[in-house]
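Spelled out from the first residue to the last, the chains are:
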Amino acid sequence: MKRRQPNSAVLFSASCAFIASPVCWATVPYTPVTGGTPGLGPGVAPPSLVPGKEFSHDLDLTTLGGGGILDPEQIVAWDGIGGTADGLDFTGTRPSFTPDSQIDAMANHIDHLYTRILSDEAHLVFSIDDMFTGYSFGAPFPVILPPAGPVVLANGSIIGGPGELSVELGVMGVSVGNPLDTQMLWAPQPMINAMPLPVDVDGVELWGPEPAFSADTDKYSLDTDILSFSAPGGPPGPIPGDAVSVWNGSGSPYIAHSTIVTAVAALLGPDSTGGVPEDRVNLDALMVQDTLGSPDEFEFDPAGGLAADSIIFSIEQIPDPGDPDGYYATGSELFVLDASGTVFFLIHGGHVWDHAYSLAVFSILPGVGPDDPNYGVVDINAIEAISEDVVPEPTSLAFMVLGAGLLCVRRRR
């Protein structure tokens, strides 16, 4: 859809009138989106229809001052047509870990469509890191991707670059007709932020309130998890003898680093040295479903019931030149973990998001696996979910009906 450019005088007046607003001085002003809830189906809703969109940049940025200025722990609201505004900033919110760091994963404690992702009915939104490790005749080397696609996967799907968001289709039941294992571009750079264009989107949250700078991100991870480690007997830290992989928006720890390490090791096993590279395990993509007890505690039913809080997550790529395929973790495995300790790979798009799948499909260099002289696997660093349509909220629907009625009256006159 082509967007009309606002009159410059009107735009200047509006900026002055709302000088105290979080929207002020964004390079392209934020336009609120009609609120609504997901409407399931095989199709994919465009970014402009999905309400409550927030993102984190690899190096966190503010939209003030023309945009592009570094601002650690700043989240950005985006409208899907290029406009942005500053959202939440978690700087100074953690009493037990005060360094101003970088956010590299974000979620709400009850992510919309979480269960629909598990049932393969919703569509999986994701982004890839701008850096990964490739191999040439067995020797590792760093690869830096351009911000925009196209990026061609080994299965033939064409996705977006690190500064964009891509989507994998939910199969919705094979009878509906969505092809299995199909990925594509969802939100190109200009839809996320028209100016300056994003370079590396490393966190995304959708389906929050509008306008999105009022935000609903209340779970996040910092880069790098192990930096919050508190040695026993040393200076007090968030978790004595442990680090934090997921924080609450209130500033307290939500999930310990050791919990994530245990889950990863249970599925990936040891590395080429026979151990687990604990210090290198860094959670960098997240969805959350916290329905039991306190939303600030990752907990399960102690009576042995089936109820348990749950997350879907990915970790940063961990190269391992001693491994036959070159990676301990490609970074594109997707884990499902509940608070009882149960962990398994996500099944979505009609396939398992495990180590073998990511090696086979998310390899983007000329080779497509460790048997080729040149190959490399990209690293997923943000995840979320979308639906086919957006069902307007009752109040939004009422305004739409009123607007349509007034338009009809005006035409009759």
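Preceding this paragraph is the structure being described.
**Student:** How do you make sense of the pattern of salt bridges when you look at a structure like this?
**Tutor:** Should their charged atoms come close, side chains of opposite charge can pair. Considering all chains together, one arrives at three salt bridges under this definition. Between R116 and E121 there is a salt bridge; the shortest N-O distance is 3.0 Å. When its relative accessible area of 35% is taken as the criterion, R116 is described as partly exposed. Here D296 and K219 are joined by a salt bridge, their closest N and O atoms 3.8 Å apart. Of the two residues, D296 is situated in the loop between β19 (283-289) and β20 (310-315) and K219 in strand β16 (residues 219-223); the sequence distance between them amounts to 77 residues. The buried category is assigned to K219, whose relative accessible area is 1%.

**Student:** Could you clarify how one ought to interpret the environment of N178 in this entry?
**Tutor:** Looking at the element boundaries, N178 is found in the loop between β13 (165-168) and β14 (183-187). Separated by 135 residues in sequence, N178 and G43 place their C-alpha atoms 8.7 Å apart. With near-sequence residues (within four places) excluded, N178 lies in contact with P42, H123, L169, G170, V171 and M172. A polar contact of 3.2 Å, which involves the side chain of N178, links it to the backbone oxygen of P42. Only 2.8 Å separates the side chain of N178 from the backbone oxygen of G170, close enough to count as a polar contact.

**Student:** How do you make sense of the pairing of strand β7 (residues 102-107) when you look at a structure like this?
**Tutor:** Each regular strand displays side chains that alternate between the two surfaces of the sheet. Taken across its six residues, β7 has six buried, putting it largely inside the fold. Sheet topology note: the β7/β16 ladder contains five bridges and is antiparallel. By the bridge assignment for β16, I103 is matched with L222.

Parameters at a glance
Residues numbered from 1 in each chain as written. Predicted model: local features only at pLDDT ≥ 70, side-chain atom pairs only at ≥ 80, totals over all residues. Heavy atoms only, no water. Salt bridge = Lys/Arg side-chain N within 4 Å of Asp/Glu carboxyl O. Buried < 20%, exposed > 50% of the residue type's maximum accessible area, 1.4 Å probe, protein only. Helix = DSSP H or I, 4+ residues; strand = E, 2+ residues; numbered from the N terminus. Contact = heavy atoms within 4.5 Å. Polar contact = N/O pair within 3.5 Å; in protein donor to acceptor, adjacent residues only side chain to side chain. Pairing = 2+ DSSP bridges.

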